[in-house]
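# Commentary on secondary and tertiary structure
Chain residues, written in single-letter form:
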Amino acid sequence: MKIAVFAYSRQGCRTARRVLSGFPAAQCRAFTMERFAEEGFLPLGKPAKPFYGELFGWADAMVFVGSCGIAVREIAPHVRDKRTDPAVLCIDELGNFVIPLLSGHIGGANDLARLLAERLDAVAVVTTATDINRKFSVDAWASKQGLVIDSMPLAKAVSAEILENNIPLCSDFPVVTEYPPGVVPGDGGELGICISWERKTPFARTLHLIPRILHLGIGCRRGTEAAAISAAVERVLQEGNIDRRAIRCVSSIDLKAKEPGLLAFCGENQWPVSFYSAEQLREVEGEFTSSGFVQSVTGVDNVCERAALLGADRLIVRKTALNGVTAAIAAEGMEVRFG
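An account of the accompanying structure is given in this report. The model shown is predicted, which means the values in this text are computed figures rather than measured ones. (Residues numbered from 1 in each chain as written. Predicted model: local features only at pLDDT ≥ 70, side-chain atom pairs only at ≥ 80, totals over all residues. Heavy atoms only, no water.)

### Notes on helix α8 (residues 226-239)
Just so we agree on the cut-off: Per the convention used, a helix needs a DSSP run of H or I reaching at least four residues, while a strand needs a run of E reaching at least two, with both numbered from the N terminus. By this rule the span expected of a helix is its residue count minus one, scaled by 1.5 Å. Should any heavy atoms of two residues lie within 4.5 Å, those residues are counted as being in contact.
Between the first and last C-alpha of α8 there are 20 Å, a value that for 14 residues agrees with the 20 Å anticipated at 1.5 Å per step. Close packing links the buried residues of α8 with β13 (214-220), β14 (247-253), α9 (260-269), β16 (314-322) and β17 (325-331). Immediately beyond the C-terminal end of α8, within one or two residues, lies N241, with a positive phi of roughly 55°.

If you want it as structure tokens, here you go:
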């Protein structure tokens, strides 16, 4: 976690040091006013707007040791989206109260406030409704689980509704813990949560939480362009009713490690790609769609299915071929846990 801490008095600097004491120095930046300069603190930059703006983009968390007013004024020009804004907290200079101001759930400000309050022997002043009512916070939980939140307006609607009524949840994966307060199992109704890599709508208003657990295996002829690979993959996703945001990574044989079209395709989608030797692919256990031609060229009977299954648990889409491209998809195992 990258943390920027700002102090506006000598006592504030002492409290800031306590805040930073439990984090790696390489991930922390501390700032104070020039007249309070001391070792470990950089001067607050001027003009203020670009100075705080740069740190707003760099930091995972910004901690202001001073008044809430200072924090609000400095971050106000830079607030954009709760999915990407950093956690912002305010701590009084004596370290009595820790107040999350921005990105309490997805950004983790509420959890960080509790952590720092424990470290400072302070009080965490958490004000988000789901927290103070001890209800399930869908955006905070999804963020911790690495799930893609399909719609922030629907996440907000769920958070509002859960204060008054139970929210049904359906999951394609086993739920192995008790459901949290405000959430019940269900597969129909006006508003609900669905955990799936498939594009489906069990509720009139369905909040999709998409697990990024799918591995995309690709094989292709030499010189295949990115557009051809994209078309083949899109066909696989459409036929499997799979949300592309569930794709975690791409894999292929090492013979394709310098294939421009494949590399461009992965880059366009911001998917990391791994390449494996024929020997590594042969060692993958399972039943695969064999090809004598592929065996003669690559030294292994199937590239896309074997590559997809490396690091995953089961194939969900077998080899699909289109215009010299083959693609397959495998899924990691997953369980849903609350708490």
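### Digging into the pattern of salt bridges
Which entries qualify depends on this criterion: Within this document, salt bridges are pairs made up of a side-chain nitrogen of Lys or Arg and a carboxyl oxygen of Asp or Glu, the two lying within 4 Å of each other. Only protein chains enter the accessibility calculation, which uses a 1.4 Å probe. A residue is then buried if its area is under 20% of the maximum for its type, exposed if over 50%, and partly exposed in between.
For the structure shown, the criterion picks out 16 salt bridges. The shortest N-O distance in the salt bridge between R17 and E38 comes to 2.9 Å. One end of the pair, R17, is in helix α1 (residues 10-20); the other, E38, is in the loop between β2 (28-32) and β3 (42-43), and 21 residues separate them in sequence. Given a relative accessible area of 40%, R17 falls into the partly exposed group. E38 gets classed as partly exposed once you look at its relative accessible area, which sits at 31%. Between R114 and D131 there is a salt bridge, with its nearest N and O atoms 2.9 Å apart. Taken together, the residues R114 in helix α4 (residues 109-120) and D131 in helix α5 (residues 129-132) connect sequence positions 17 residues apart.

### A look at the pairing of strand β15 (residues 273-276)
In regular strands, side chains alternate between the two faces of the sheet. Test applied: Strand pairing is defined by DSSP finding a minimum of two bridges between the two strands. With the strands pointing away from the viewer, any crossover whose connection runs clockwise from the first strand over the helix to the second is right-handed.
Bridge count between β14 and β15: four bridges; the pairing is parallel. When the bridges of β15 are listed, S251 appears paired with S274. As for the winding sense of the linkage, the β-α-β connection from β14 through α9 to β15 is right-handed.

### Looking at the packing of α1 against α4
Heads up, the rule is: Each axis is a line fitted through C-alpha atoms, and for a helix only the stretch in contact is used; angles between axes span 0 to 180 degrees, taken between their N-to-C directions. Should an angle fall under 35 degrees it is called roughly parallel, over 145 degrees roughly antiparallel, and 65 to 115 degrees roughly perpendicular, with every other angle called oblique. Helix crossings fall into two classes, left-handed where the near helix is turned counterclockwise from the far one by less than a right angle and right-handed where it is turned clockwise.
Two numbers describe how α1 lies on α4: the axes approach to 9 Å, and their chain directions differ by 115°. One way to sum up the angle between α1 and α4 is to call them roughly perpendicular. Note that α1 runs across α4; the crossing there is right-handed. On the side of α1, the interface is formed by T15, R18 and V19, while α4 contributes L116, R119 and L120.

### Focus on the sheet that holds β13
Sheet strands pair by backbone hydrogen bonding; their relative direction is either parallel or antiparallel. The strand order β15-β14-β13-β17-β16 describes an open sheet built from five strands, whose pairing is mixed. Each edge of the open sheet carries a strand with a single partner, namely β15 and β16. Ignoring strand direction, the axes of neighbouring strands in this sheet form an average angle of 20°. α8 rests against β13, β14, β16 and β17 of the sheet, and its axis sits at about 135° to β16. Those strands touched by α9 are β13, β14 and β15, and its axis lies near 145° from that of β15.

### Some points on the packing of aromatic side chains
This is how it is decided: Side-chain rings of Phe, Tyr and Trp, where Trp is taken by its six-membered ring, are said to pair if the distance between their centres is within 6.5 Å; with planes under 30 degrees apart they count as stacked, over 60 as edge-to-face, and otherwise as tilted. Note on criteria: charge over ring means Lys NZ or Arg CZ within 6 Å of the ring centre, with the direction from the centre no more than 35 degrees off the ring normal.
Overall, the coordinates contain 13 aromatic pairs when judged by the stated rule. Their ring planes at 85° and their centres at 5.2 Å tell us that F31 and F51 sit as a pair that is edge-to-face. Residue F31 is located in strand β2, and its partner F51 is located in helix α2 (residues 48-58); the two are separated by 20 residues in the primary sequence. This pair shows no difference in class: F31 is buried, exactly as F51 is. Each residue in the set F6, F31, F51, Y52 and F64 is aromatic and connected to the rest through ring pairs, giving one cluster. Note that R29 overlies the ring of W58, its terminal NZ or CZ placed 4.0 Å from the centroid.

### Things to note about unusual backbone geometry
Backbone torsion omega between K46 and P47 reads -5°, so that peptide bond is classified as cis. Tracing the chain through its elements places P47 in the loop between β3 and α2. Positioned with a positive phi, Q270 is a non-glycine residue whose angle comes to about 55°. With a phi close to 50°, N323 is a non-glycine residue in the positive phi region. Mapped onto the elements, N323 comes out in the loop between β16 and β17.

### Observations regarding the packing of α8 against α9
What describes two packed helices is the angle between their axes and the distance between those same axes. The condition that has to hold: Here the nonpolar group is Ala, Val, Leu, Ile, Met, Phe, Trp, Tyr, Cys and Pro; Asp, Glu, Lys and Arg are the charged ones; every other residue, Gly included, is treated as polar.
One can describe the packing of α8 onto α9 by two numbers: an axis separation of 8 Å at closest approach and a directional angle of 60°. Judged by the angle between their axes, α8 and α9 are oblique. Two packed elements cross with a definite hand, and for α8 against α9 that hand is right-handed. Side by side, α8 and α9 meet where A226, I229, S230 and V233 of the first sit next to G261, L262, A264, F265 and E268 of the second. Residue composition of the contact of α8 with α9, grouped by class: six nonpolar, two polar and one charged.

### Concerning the sheet that holds strand β12 (residues 205-211)
What the five strands build is an open sheet, ordered β8-β12-β11-β9-β10; its pairing is mixed. A strand with exactly one partner marks an edge of an open sheet, and here the two such strands are β8 (147-149) and β10 (183-185). Averaged over all pairs of adjacent strands, the angle between their axes in this sheet comes to 30°, without regard to strand direction. Here β8 runs beside β12; their pairing, made up of three bridges, is antiparallel. From the neighbouring strand, V148 faces β12, where its bridge partner is I210.

So, to be careful, I would describe these as geometric facts and stop short of saying anything about function.
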